[in-house]
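One-letter residues, chain by chain:
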Amino acid sequence: EKEMEKRLEDVKIEEVLTEESRSLVVVDVEDSLSNVFAQLQRQSTVVAVVRDATTQKWIGFIDVIDILTTLLSATSATPPIASSRPNGAAGSDWTNGATPAVDEDEDLLRVTCTSGDAANRSKRNPFLKVKSSDSLLLAIKSFVQNDAHYLPVFNEESKLLAVIEGWTVLAYIHENLPAPARNRNVMAFGNFEPLATIKASTPTIDAFHILVEKNLSAAAVVDDNEGLLLDNLSALDSRSLSFHDSTWAVLSAPLIEFLRESVENVGSIVDTPSRRKLLDTYMRSNCVCSEPNARWTDLAAAIVEDEVHRVYIAEKGNRPAGYVDINLMLGALLQ
């Protein structure tokens, strides 16, 4: 793949940036999570960049799942989250270790949680800086070697310009560069280790907690009895939520009901072109499946055209045997 690496070296990150990647949500460590969530919804994105205005330092990323699970943890019996300010500086209501009290009839959004609390709690999104003048090859190596899903892009004056996703990079490669000379079979680079799965009957909020606790970007949703693949859960599925009186009732519903109700809002219903015969799809699902003989170019087309971040490799009977995600796709270009 030396030829492909040379092409990637010649492309600068600034050439890949889209209008969407330049649409930033930047919040302070002491901003309330309800305000952060509202900003994410207004800009139709799932990730925010957290900055400490006092120290002028970048803290990291948080996404909608981090927000939801932090809010719910604040009302549980778990230990309170430490102050996001150094040495318990003013601004955090949890400085003295007191978990905020919540009336049973009160909206959980009134719990005092900050973006700094969520960033401290979650380690799912490492914060790895790149420059707009860096090569696309460097960006890909940053994604792959650190299992990152977002990269903050700065200019030479250290100003934040954009946040770029691995999906955006893969889409650029698929649409603008020649196919790799070695069009590898999915069995050569897919992940076939024991797959993270969540049963369809699991309460939705518990499913989101699992993603955070296990540092997962996504998990396969399977039926309770035979472990058949039904759907996929990721941070993207939380975009259909809004903070209102019924939010918490929705989160207590079985996961499969939440996914079936939210899929139209999320916009990830898969409509696989007939020419892509190797790929199978499920109606009203965020899930895309691949047969074991699919090639890199088949998978790239499915991920980009269907706007998904993961493709499952299914055994007979639709049991998930493995998967390919964005970073595995990018990593296959370097091997």
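A few points on the structure. None of these values were measured; they are calculated from a predicted model.

1. A few points about the overall build of the protein
Across its full length, the protein carries 12 helices and 13 strands. The burial tally for the protein puts 52% of its 335 residues in the buried class. Of the contacts formed within the protein by residues at least 6 apart in sequence, a portion of 65% connects residues at least 24 apart.

2. Focus: the nonpolar core
Membership of the largest hydrophobic core comes to 45 residues, with the highest contact counts inside it found for Ile62, Ile67, Phe208, Leu233 and Leu255. Sorting elements by how many residues they give to this core places helix 4 (residues 64-73) first, with six residues. Discounting chain neighbours no more than four positions away, the residues touching isoleucine 62 are Leu33, Val36, Val46, Val47, Ala48, Val50, Ile67, Ser115, Ala118 and Ala119. With 42 residues, the next largest nonpolar core counts Val11, Ala139, Val304 and Leu333 among its residues.

3. Some remarks on the packing of aromatic side chains
On inspection of all chains with the given rule, the structure shows five aromatic pairs. For the pair tryptophan 58 and phenylalanine 154, a centre-to-centre distance of 5.8 Å together with 75 degrees between the ring planes defines the contact as edge-to-face. Of this pair, tryptophan 58 sits in strand 3 (residues 57-63) while phenylalanine 154 sits in strand 5 (residues 150-154), and the two are 96 residues apart along the sequence. Measuring from centroid to centroid gives 6.0 Å for phenylalanine 208 and phenylalanine 258, while their planes differ by 85 degrees, and the two rings are edge-to-face. In this pair, phenylalanine 208 sits in helix 8 (residues 204-213) while phenylalanine 258 sits in helix 10 (residues 255-266), placing the two residues 50 residues apart along the sequence. For the pair phenylalanine 208 and phenylalanine 258, a shared accessibility class is recorded, and that class is buried. Three or more aromatic residues joined by ring pairs form one cluster here, namely Trp58, Phe61, Phe127, Tyr150 and Phe154. One residue, arginine 51, lies across the ring of tryptophan 58, its end atom 4.6 Å from the ring centre. The ring of tyrosine 323 carries arginine 310 above its face, with NZ or CZ at 3.8 Å from the centroid.

4. Section: unusual backbone geometry
Of note, the phi angle at glutamine 56 is positive, near 60 degrees, even though the residue is not glycine. Inspection of the secondary structure assignment puts glutamine 56 in the loop between strand 2 (47-52) and strand 3. Of note in this structure, glutamate 307 is not a glycine but carries a positive phi near 55 degrees. Its place among the elements puts glutamate 307 in the loop between helix 11 (296-305) and strand 12 (310-314).

Definitions and limits used
- The residue numbers shown here count from 1 along each chain, following its written sequence.
- In keeping with the predicted nature of the model, local features appear solely for residues at pLDDT of at least 70, side-chain atom pairs appear and are counted solely at 80 or more, and the whole-chain, interface and lining totals rest on all residues.
- Where side-chain values are given, they derive from all heavy atoms of the structure, hydrogens and water being excluded.
- Under the scheme used here, helices are H or I runs from DSSP no shorter than 4 residues and strands are E runs no shorter than 2 residues, and both carry numbers assigned from the N terminus.
- Categorising residues by exposure relies on relative accessible area from a 1.4 Å probe, with only protein chains included: less than 20% of the type maximum marks a residue as buried, more than 50% marks it as exposed, and the intermediate range marks it as partly exposed.
- Contacts were defined at the residue level, with two residues in contact if any of their heavy atoms lie within 4.5 Å.
- Nonpolar cores are built from buried Ala, Val, Leu, Ile, Met, Phe, Trp, Tyr and Cys residues. Side-chain atoms within 4.5 Å join them into one set.
- In summary, the pairing rule links any two rings of Phe, Tyr or Trp, Trp by its six-membered ring, whose centres are within 6.5 Å, and it sorts them by plane angle into stacked for under 30 degrees, edge-to-face for over 60 and tilted for everything else.
- Two conditions define a charge sitting above a ring: the NZ of Lys or the CZ of Arg must be within 6 Å of the ring centre, and it must be within 35 degrees of the ring normal.

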